[in-house]
Amino acid sequence: MTGEQMVALTRRHTLYEWSAQASVDPIPVARAEGVHFWTPEGKRYIDFNSQLMCVNAGHGDPRIVKAIQDQAATLAYANPFMATEVRARLGEKLAQLTPGDIDVFFFTNGGSEANENAMRIARLVTGRHKILARYRSYHGGTAGSLTLTGDPRRWAMEPGMPGIVHVPHPYHGIQRGSDTAAEALAQLEEIIMLEGAHTIAAFILETVTGTNGILVPPDGYLEGVRALCDRYGILLICDEVMSGFGRTGAWFAVDHWKVVPDILTMAKGLTSAYVPLGAVGIRRGIADHFQEKVFYGGLTYNSHPLGCAAALATIQVYEEDGLVQRARDMGGVMRGLLDALPDAHPSVGEARSIGLFGLVELVRDRATREPLAPFNGSSPEMQALGRFFRERGLYTFVRWNTFFTNPPLCISEADLREAFAIIDEGLTRVDASLN
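First things first, this report covers the structure right here in the doc. Positions within a chain are numbered from 1, following the residues in the order the chain's sequence is written. Owing to the predicted nature of the model, reporting of local features is limited to residues with pLDDT of at least 70; listing and counting of side-chain atom pairs is limited to 80 or more, with chain, interface and lining totals taken over all residues. The side-chain numbers reported here are obtained from all heavy atoms of the structure, hydrogens and water having been left aside.

**Describing the layout of surface pockets**
Site definitions follow a grid-based scheme: protein atoms alone, a 1 Å grid, a 1.4 Å probe that fits but cannot get out for cavities, and for pockets an open set with protein on both sides within 12 Å along at least five of seven lines, plus lining residues having an atom within 4 Å of a point. Grid points are joined across faces, edges and corners, and a volume is the space filled by probe spheres set on the points. One number sums up the size of the second largest pocket: a volume of about 280 Å³. Of all the secondary structure elements, the ones that give two or more residues to the lining of the second largest pocket are strand E4 (102–108) and helix H9 (284–287). Secondary structure elements are defined from DSSP: runs of H or I of at least 4 residues count as helices, runs of E of at least 2 residues count as strands, and each element is numbered from the N terminus. Per-element accounting of the lining of the second largest pocket gives the leading share, three residues, to E4. Amino acids outside the nonpolar list (Ala, Val, Leu, Ile, Met, Phe, Trp, Tyr, Cys, Pro) and the charged list (Asp, Glu, Lys, Arg) are all regarded as polar, and Gly is one of them. The class makeup of the residues in the lining of the second largest pocket is eight nonpolar, two polar and one charged.

Rendered as structure tokens:
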């Protein structure tokens with residue numbers, strides 16, 4: 001098909017997510033390799049968001065493709081009550097990579113279902129009902145995970161699942177001063193007291209917040225959360241759907257702070273999105289609860305052989321190519337490029353990153369710190385910037401007053417600098433529009 005035909009038929013016969021359909025203008029994609037993808041007409045894009053922060057290993061890696069092909073030819077599906085070699089090997093491998101004594105896994109179709117099942121496990125194990133979740137979070141689009149979510153995507157489906165209590169997120173950004181770890185922990189403990197610790201099963205958080213701003217926790221915060229959860233018998237769930245598998249320059253973001261959650265959810269980079277797969281990692285002591293008690297959960301595609309084969313091959317690519325270390329190294333280069341933006345562009349209010357997980361916040365006026373677009377909205381300037389990136393072949397998320405810098409971990413320094421040259425040109429246009 002031509003790109004025009006692709007767009008016409010997908011708009012006619014399919015629904016696009018989180019969008020009013022009349023405003024959808026998708027990029028037609030015909031093929032992809034490494035950090036690039038192409039339209040049917042041959043226009044090349046730098047994939048500077050790893051699609052949905054998920055193609056960590058890059059597009060079209062022949063090792064992952066072959067593993068999926070071989071598995072499909074051998075055993076395309078077995079129901080989840082059976083045992084397969086790829087399921088056995090993936091569980092063993094993940095137990096080696098995940099922190100602490102997390103060594104039992106329940107496989108799902110993606111991140112949202114992983115968070116749904118993490119919540120269910122916490123309630124079954126503790127016998128408590130409430131789940132604490134943070135504002136400025138995103139945990140998925142299914143009913144329970146969407147209720148956990150602390151951003152506007154939740155609003156249309158409220159009241160949602162009962163028993164979810166939202167707590168403040170330790171914020172740092174352009175709109176007000178940064179919260180300290182001590183301030184955030186004091187707020188959290190007060191809410192635990194007011195809600196009744198004996199009623200709270202778990203506290204779920206994105207270790208590094210993703211779509212709501214690449215918000216890296218202040219030092220001491222995660223350690224303090226771990227201590228509070230231990231003090232009150234609350235399970236700690238860390239959502240690493242976006243931040244896992246090398247994105248931050250470590251296998252999992254919690255590794256930066258040496259914190260072991262009780263439950264760790266993952267997806268996206270687990271298979272580099274070649275095949276859908278998510279997982280819930282559980283500490284041994286918690287998993288042992290289900291030795292004699294029923295685990296009330298199940299999915300037709302739990303531990304799907306193609307997903308497990310893709311995950312094993314993807315992890316092997318990360319290891320063979322040193323992509324976790326590469327994310328640290330290229331993350332340092334990207335951090336330098338991000339740090340240079342505020343000096344060059346008055347429209348840049350703040351730029352931040354950890355590994356290859358980055359974001360730029362734009363302001364209308366640096367003195368007043370007014371965002372270039374309102375919360376949960378856009379502006380002519382942000383829309384023009386998004387169009388410019390698209391025209392120049394740079395694909396990334398432009399959301400509210402921000403845009404993201406989340407390339408595949410295999411990106412070269414040359415490709416990184418090419419992307420930032422486009423960013424620099426786009427920001428120069430934004431600056432001029434504000435004068």
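**Some remarks on empty space enclosed by the protein**
The probe, sized like a water molecule, is rolled over the atoms to show the empty space still left. Tallying each qualifying case throughout the model produces one cavity of 30 Å³ or more. Approximately 190 Å³ is the volume found for the largest cavity. What lines the largest cavity is a set of 18 residues, among which Asn212, Glu361, Trp400, Asn401 and Thr402 lie closest to the centre. Listed by contribution, the elements that provide at least two residues to the lining of the largest cavity are strand E12 (357–365) and strand E16 (402–405). In the lining of the largest cavity, the residues fall into eight nonpolar, six polar and four charged.

**Regarding the environment of Asn49**
Assignment of secondary structure puts Asn49 in the loop between strand E3 (44–47) and helix H2 (50–53). Contact between two residues is taken to exist if any of their heavy atoms lie within 4.5 Å; hydrogens are not considered. Leaving out residues up to four positions away in the same chain, Asn49 has contacts with Tyr395, Thr396, Phe397, Phe404 and Asn406.

**A look at the packing of helix H12 (residues 380–391) against helix H13 (residues 413–434)**
Convention adopted: a line fitted to C-alpha atoms gives each axis, helices being fitted over their contacting stretch, and angles between N-to-C directions are expressed from 0 to 180 degrees. Direction vectors running N to C along H12 and H13 enclose 150°, while the axes themselves pass 10 Å from each other. Put simply, H12 runs roughly antiparallel to H13. Crossing handedness for the pair H12 and H13: right-handed. Residues Glu381, Leu385, Phe388 and Phe389 of H12 form the contact with H13, whose participating residues are Ile422, Ile423, Glu425, Gly426, Leu427, Arg429, Val430, Ser433 and Leu434. Partitioning the contact of H12 with H13 into residue classes produces eight nonpolar, two polar and three charged. Here the angle decides the label: under 35 degrees means roughly parallel, over 145 means roughly antiparallel, 65 to 115 means roughly perpendicular, and every other value means oblique. The handedness criterion is simple: a crossing whose near helix is rotated anticlockwise from the far helix by less than a right angle is left-handed, and one whose near helix is rotated clockwise is right-handed.

**A closer look at the packing of helix H11 (residues 323–344) against H13**
Axis separation between H11 and H13 bottoms out at 11 Å; the angle between their running directions is 15°. The angle between the axes of H11 and H13 places the two elements in the roughly parallel class. The interaxial crossing formed by H11 with H13 has right-handed handedness. On H13, the residues that touch Met330, Val333, Met334, Leu337, Leu338, Leu341 and Ala344 of H11 are Glu413, Leu416, Arg417, Phe420, Ile423, Leu427 and Asp431. For the contact of H11 with H13, a count of residues per class yields 11 nonpolar, no polar and three charged.

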